[in-house]
Amino acid sequence: MEKLLKAELKTTVLKAFGSSGGGCISHGQSYETDHGRVFVKVNSKPQARTMFEGEMASLIAIQQTNTVRVPKPIKVIDLPGGGAVFAMEHLKMKSLNKYSAKLGEQIAELHLYNQKLGGN
């Protein structure tokens, strides 16, 4: 997968950092690249591309609201043999407790976004 990621992300550097993580659906790993840090989610299921494309579209839609800071999506990449990976901007998530009130306000703004567009 390293060779595939280097080619698709157009980088000569691909150095894993931090601990890899796994949820019940996908696994993730952060990497240093020529272009900065990225976070890569990996899923080997046949429907992974569709899932990741939906996640990418959702992140783009949230970004366009200018309400909540979300990672910038980079690319969905098919894995040989099935599955896909989703590369996105790496965000430092440690020590965010001090921003919990601001996040609550931003989430409220996000929920009101469509209402504001409709003029209600």
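Scroll up a little and you will see the structure.
Just so it is clear, the model here is predicted, and its values are computed rather than measured.

J.: Explain the overall build of the chain to me, please; I cannot follow it from the model alone.
T.: A tally of regular secondary structure across the chain gives three helices and five strands. By the burial criterion, 27% of the 120 residues in the chain qualify as buried. Partitioning the contacts of the chain with sequence separation of at least 6, the portion at a separation of at least 24 is 45%. Total accessible area computed for the chain in this model is approximately 8,100 Å², and 55% of it derives from carbon and sulfur atoms.

J.: Sorry if this is basic, but what is going on with the pattern of salt bridges here?
T.: Two side chains with opposite charge may pair up if their charged atoms get near one another. Counted according to the given criterion, the structure contains seven salt bridges. The partner of E2 in a salt bridge is K6, with the nearest N and O atoms 3.5 Å apart. Of this pair, E2 and K6 are both found in helix 1 (residues 2-8), four residues apart, which corresponds to roughly one turn of the helix. A salt bridge links R49 to E53, with the shortest nitrogen-to-oxygen separation between them at 2.4 Å. Note that R49 and E53 are positioned in helix 2 (residues 48-65) at a spacing of four residues, about one turn of the helix.

J.: Any chance you could explain the environment of M93 here in plain terms?
T.: Within the fold, M93 resides in the loop between strand 5 (84-89) and helix 3 (100-118). It is 30 Å that separates the C-alpha atoms of M93 and Q115, two residues lying 22 residues apart in sequence.

J.: I would appreciate a short explanation of the sheet that holds strand 3 (residues 36-43) in the present structure.
T.: In space, the five strands of this open sheet follow the order 1-2-3-5-4, with antiparallel pairing throughout. At either end of the open sheet lies a strand with only one pairing partner, and these are strand 1 (14-22) and strand 4 (73-78). Shown here is a sheet whose adjacent strand axes are inclined to one another by a mean of 20°, direction ignored. Sheet topology places strand 4 next to strand 5; five bridges connect them, and they run antiparallel. Bridge assignment links P73 to a residue of strand 5, and that residue is M88. In the packing of helix 2 onto the sheet, contacts are made with strand 3, strand 4 and strand 5, and the angle to strand 4 comes to roughly 170°.

J.: What is the right way to read the environment of H27 from this model?
T.: You can see H27 is positioned in strand 2 (residues 27-33). We classify H27 as exposed; its relative accessible area is 51%. Taking the C-alpha atoms as reference points, H27 and S44, separated by 17 residues in sequence, lie 9.6 Å from one another. Each residue touching H27, except ones within four places of it in the same chain, is listed here: G21, G22, V40, K41 and V42.

J.: Looking at this structure, how should I read the pairing of strand 2?
T.: The side chains of a regular strand alternate, first on one face of the sheet and then on the other. In terms of burial, strand 2 is a largely internal element, five of the seven residues being buried. Where strand 1 meets strand 2, six bridges bridge the pair, whose relative direction is antiparallel. If you follow A16 over to strand 2, its bridge partner there is Y31. Here strand 1 folds back onto strand 2 in antiparallel fashion, the turn holding four residues. Bridge count between strand 2 and strand 3: seven bridges; the pairing is antiparallel. In the sheet register, H27 faces strand 3, and the bridge partner there is V42. Where strand 2 folds back onto strand 3 in an antiparallel hairpin, the turn is made up of two residues.

Here is what the cut-offs are and how they apply
Residues numbered from 1 in each chain as written. Predicted model: local features only at pLDDT ≥ 70, side-chain atom pairs only at ≥ 80, totals over all residues. Heavy atoms only, no water. Helix = DSSP H or I, 4+ residues; strand = E, 2+ residues; numbered from the N terminus. Buried < 20%, exposed > 50% of the residue type's maximum accessible area, 1.4 Å probe, protein only. Contact = heavy atoms within 4.5 Å. Areas by Shrake-Rupley, 256 points an atom, 1.4 Å probe, with all protein chains shown as cover. Salt bridge = Lys/Arg side-chain N within 4 Å of Asp/Glu carboxyl O. Pairing = 2+ DSSP bridges. Axes fitted to C-alpha atoms, helices over the stretch in contact; angles between N-to-C directions.

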